[in-house]
Protein chains: 2
Amino acid sequence: MTTTADFVFDSDTASERVGEHEFELTLTDRWTTFIGTTNGGYLLASCLQALCNDVPHPDLLSASAHFLRPGSPGPARITTDVARIGRRTSTGAATLLRDNREIVRVLATFTDLGTADGPTKVNGKPPALPAPEKCVDAFEAFTHPRPPISQRTEARMADVPGFWRGKPGGASATEFWVRMADGRDADPIVLAFLVDSAAPIVFDLGIPGSATIELTVHIRKRPAPGWLACRVTTNFLIDGFHEEDFEIWDSTGALVAQSRQLAIVST
Amino acid sequence: MTTTADFVFDSDTASERVGEHEFELTLTDRWTTFIGTTNGGYLLASCLQALCNDVPHPDLLSASAHFLRPGSPGPARITTDVARIGRRTSTGAATLLRDNREIVRVLATFTDLGTADGPTKVNGKPPALPAPEKCVDAFEAFTHPRPPISQRTEARMADVPGFWRGKPGGASATEFWVRMADGRDADPIVLAFLVDSAAPIVFDLGIPGSATIELTVHIRKRPAPGWLACRVTTNFLIDGFHEEDFEIWDSTGALVAQSRQLAIVST
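Thresholds, definitions, all that
- Residues numbered from 1 in each chain as written.
- Chains lettered and ligands numbered in written order.
- Predicted model: local features only at pLDDT ≥ 70, side-chain atom pairs only at ≥ 80, totals over all residues.
- Heavy atoms only, no water.
- Helix = DSSP H or I, 4+ residues; strand = E, 2+ residues; numbered from the N terminus.
- Polar contact = N/O pair within 3.5 Å; in protein donor to acceptor, adjacent residues only side chain to side chain.
- Contact = heavy atoms within 4.5 Å.
- Phe/Tyr/Trp six-rings, centres within 6.5 Å; stacked < 30°, edge-to-face > 60°.
- Lys NZ or Arg CZ within 6 Å of the ring centre and 35° of its normal.
- Buried area = accessible area lost by both parts, 1.4 Å probe.
- Salt bridge = Lys/Arg side-chain N within 4 Å of Asp/Glu carboxyl O.
- 1 Å grid on protein atoms, 1.4 Å probe; cavity = no way out; pocket = protein on both sides within 12 Å on 5 of 7 lines; lining within 4 Å.
- Points joined across faces, edges and corners; volume = space filled by probe spheres on them.
- Nonpolar A, V, L, I, M, F, W, Y, C, P; charged D, E, K, R; others polar.
- Buried < 20%, exposed > 50% of the residue type's maximum accessible area, 1.4 Å probe, protein only.
- Least-squares fit on C-alpha atoms with pLDDT ≥ 70 in both.
- Core = buried A, V, L, I, M, F, W, Y, C linked by side-chain atoms within 4.5 Å.
- pLDDT = per-residue confidence, 0-100.
- Expected span 1.5 Å × (residues − 1).
- Disulfide = S-S within 2.5 Å.

(A) The side chain of A:Ser62, seen in detail. Structurally, A:Ser62 is set in strand β3 (residues 59–67). Of the polar contacts made by the side chain of A:Ser62, one reaches the side chain of A:His218; its length is 3.0 Å. Those residues in contact with A:Ser62, other than ones at most four positions away along the chain, are A:Leu107, A:Ala108, A:Thr109, A:Thr216, A:Val217, A:His218, B:His66, B:Glu214 and B:Leu262.

(B) Region of the structure containing the packing of aromatic side chains. All names here are of chain A. Inspection of every chain in the model, using the stated rule, returns 20 aromatic pairs over all chains. The interplanar angle of 80° and the centroid separation of 5.6 Å between the aromatic rings of Phe 34 and Phe 203 together place this pair among those described as edge-to-face. With Phe 34 in the loop between β2 (22–27) and α2 (40–52) and Phe 203 in the loop between α3 (188–194) and β11 (209–219), this residue pair connects regions lying 169 residues apart in the sequence. Of the aromatic side chains, those joined through ring pairs into one cluster are Phe 34, Phe 139, Phe 163, Trp 164 and Phe 203. In this arrangement the basic side chain of Arg 152 is found over the ring face of Trp 31, its NZ or CZ atom lying 5.9 Å from the centre.

(C) Region of the structure containing the interface of chain B and chain A. Chain B puts 61 residues into the contact, and the matching count from chain A is 61 residues. Buried surface at the junction of chain B and chain A, both sides included, amounts to about 5,300 Å², of which 58% is carbon and sulfur. Its largest share of buried area at the contact with chain A, chain B owes to B:Arg220, B:Phe236 and B:Arg260, together 14% of the area lost on that side. Linking chain B to chain A there are eight salt bridges. Residues B:Lys221 and A:Asp239 are paired through a salt bridge, measuring 3.3 Å at the closest nitrogen-oxygen approach. For the interface between chain B and chain A, the tally reads 33 residue pairs in polar contact (both at pLDDT 80 or more). Sort the elements by how many residues they give to the side of chain B that touches chain A and strand β15 (residues 255–266) of chain B lands first, with eight residues.

(D) Quick look at empty space enclosed by the protein. The full count for this structure, using the stated rule, is three cavities of 30 Å³ or more. Roughly 70 Å³ of internal volume is contained in the largest cavity. Together, A:Thr216, A:His218, A:Gln258, A:Ser259, A:Arg260, B:Glu214, B:Thr216, B:His218, B:Ser259 and B:Arg260 line the largest cavity. Of all elements in the fold, only β11 and β15 (255–266) of chain A together with β11 (209–219) and β15 of chain B reach the threshold of two or more residues within the lining of the largest cavity. Across the lining of the largest cavity, the residue classes break down as no nonpolar, seven polar and three charged. In terms of lining residues, the second largest cavity is bounded by A:Lys121, A:Asn123, B:Ala171, B:Ser172, B:Ile201, B:Val202, B:Leu205 and B:Thr234.

(E) Spotlight on unusual backbone geometry. With a phi angle near 50°, A:Asp99 is a residue other than glycine that sits in the positive phi range. One can find A:Asp99 in the loop between β5 (89–98) and β6 (101–111). Although it is not a glycine, B:Asp239 adopts a positive phi angle of roughly 55°. With respect to the helices, strands and loops of the structure, B:Asp239 is situated in the loop between β13 (236–238) and β14 (241–249). Assessed through its relative accessible area of 18%, B:Asp239 is described here as buried.

(F) Geometry of the relation of the copies chain B and chain A. Aligned on chain A, chain B shows an RMSD of 0.0 Å; the corresponding rotation is 180° and the shift along the axis is 0.0 Å. In symmetry terms, the pair is related by a two-fold rotation axis. No C-alpha of chain B approaches the rotation axis more nearly than that of B:Ser64, which lies at 3.2 Å. Residue by residue, 100% of the interface of chain B is reproduced at the interface of chain A, so both copies engage with the same surface.

(G) Quick look at the nonpolar core. Core analysis: the biggest nonpolar cluster contains 72 residues, and B:Leu48 and B:Ile248 have the highest contact counts within it. When residues of this core are assigned to their parent elements, the largest contribution, eight residues, is made by helix α2 (residues 40–52) of chain B. When sequence neighbours within four positions are dropped, the list of residues in contact with B:Leu48 reads B:Leu60, B:Ala63, B:Val106, B:Ala108, B:Phe110, B:Ile189 and B:Ala192. Counting 71 residues, the second-largest nonpolar core is a separate cluster that includes A:Ile103, A:Leu228, A:Cys230 and A:Val265.

(H) Layout of the confidence of the model for chain A. Per-residue confidence for chain A averages 95 on the pLDDT scale, and 99% of its residues sit at or above 70. Model confidence for the complex: the whole-complex pTM is 0.97, and ipTM, which rates the interface, is 0.97.

(I) Here's a closer look at α2(B). All names here are of chain B. Its 13 residues give α2 an end-to-end C-alpha distance of 18 Å, which sits within 8% of 18 Å, the value for a rise of 1.5 Å per residue. Among the 13 residues that make up α2, 11 are buried, leaving the element largely enclosed by the rest of the structure. Of all the residues in α2, the buried ones are Gly 40, Gly 41, Tyr 42, Leu 43, Leu 44, Ala 45, Ser 46, Cys 47, Leu 48, Ala 50 and Leu 51. At the N-terminal end of α2, a side-chain oxygen is found 3.0 Å from the backbone nitrogen of Gly 41, two or three residues along, and the residue is Asn 39.

(J) The state of the cysteines, seen in detail. Residue and element names in this part refer to chain A. Taken as a whole and assessed by the stated rule, the structure comprises zero disulfides over all chains. Unpaired in terms of disulfides, Cys 135 finds its nearest cysteine sulfur in Cys 230, a separation of 12 Å. Judged by relative accessible area, Cys 135 falls into the buried class, the value being 13%.

Set out below in C-alpha cells:
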C-alpha cells in the first residue's frame, strides 16, 4: 500500500510537535534553488502542514506568506497560533525559524472544500496546451545545471521559453504541465508549493534572479489526480519589483489554485 | 494650512499607543457598509497606520489581511509585532480586536518606494475611461440607499453597472475613477483602503452579498495627487467563493496598486 509517507513532499514537510504550538523539522536539501536557497513554496508548505494540526477544517483555502530571510537546509522550528476556529473556516498563523531567526511568516485560512456550495460562474479557460505526451519534457530541454528543486517535479511544455535555453525571449507569460516527480498527487498544500515551484517568467526578460517578498495562494477546488496545467504571468515589472500570477488547472479542466506573489529582482 | 489630521481617513484610522506594541482606537460609524458591518479596507488601514509606528520604512509595500469576524463601530485594540527590520524592507504583524475578539489579522511589509530602482517593463494599460468630468457621478446614479462608506469617496463612471440601478447585467469587470470625498490625496495606506472600498462586481451577477476572507494589496508606486482610475475584475466564482482583482492607476497613468481578495458570497 502506498501512503503519503512514501512521498518526498510529505516526509520533507512533516514536523514533530514539541510543544502546544511548536513544531520541529529538518529542512532538507532536496528543495534548493539554483542560487542555493531553500524554495519558498517548500517553506510555506511546511508551515501549512504544521498548522493543519491546529485546525479542524481539512482543506487549505487561502494562505499568505511574507518572506523575511532566505531559507537554508537544516533544523528548523515552526510556531503556530490559532486566530479563530469557526463553523465554516478556521484561521491560524505560523512562523518558521532557523537558528531563532524568522524566515517566513504565514497566515492561513482552512475550510472543507468538499462541502462548498454556492453559485459558479467561470470566465477563464485552462491553458491551451497539447496533451502532456505531445509536449516537450521541460527539464530535458533545460540547458542550465539542474538544481535539486527541479527534480521534485516533472514539467511538459508546448515550447520552452527562450531563457530556458539561455536566450531570454521577452515573454511575459508561459504555460506548462506539472506533476510531482514521484507520483504524489496534488492536494491543496501541494498546490501551495507548486505555485512557487517554477522558474520566474521574468527570467525571460534577462533578469538573473528574483526573491519573493509576499505570496498569497487561494485554493479554488480539490484537485483531481494527474497532470496539472499552469499559467504564469508577469505584467508589471516596476522599479525592480514584479508580481507573478499563477493559475493551476487540474486534469478535469477545473481551476484549482490561483496565486500572486510580489518579488524583487536582483540585478 | 491643511494637514492630514483634517481628513476623516486620518482621524478615523489613528490610534493611540497604550503599550509597547498595543494601540487603542475608536472605529467610527463613517465606514459602515450597506449590511451594517465596518468596511474591511478601513480595518486594514487602521492596522497599517498602527504598524507604521513600529517600522522605519515610510511606505507600505505589501499587506495581507485575513478577516475573521465582521467589524463594527466602537472601541478597538490593535496589537503589533515586528518580524524583521531589514535594510530594504521591514515586516510586521497586526491584529485588530473588538471586545477581545479578533476581527482581522494582518501581515505587512514596508519599504522606501522613493529609493526603489531597477528595471521596468509594463504590459498593462490604465482603464480607458473618459475624463472624470465627462463621466457619470456614480453615487448620483445609485438607486439603493447610500451607506456611510459610500460617502467617503467620490466615483465617476463612463456607465454604471446594471446592479447599480437594481438590474444585474452579468458583468465580470468594471472601471471607474475614485478619490477621497474630502480631498485627501492617496498614499499607499489610502490605496490599501480603496482596493476594498467599492461594491463587489459579483453584485452584477445578482449575488446579494459577499464577505472578504483574505485580501492582499501590493503598492507599486507612490500615487500622484488627483483622481485614480480603477479596474475591478472577478473571473472565477466557484461554489460560492470568488476572487476580486483590483488595479489602481494614478493621474499620470502609472499602476500604483494591485490587489486580490478571496470572498464568499451570501445567498
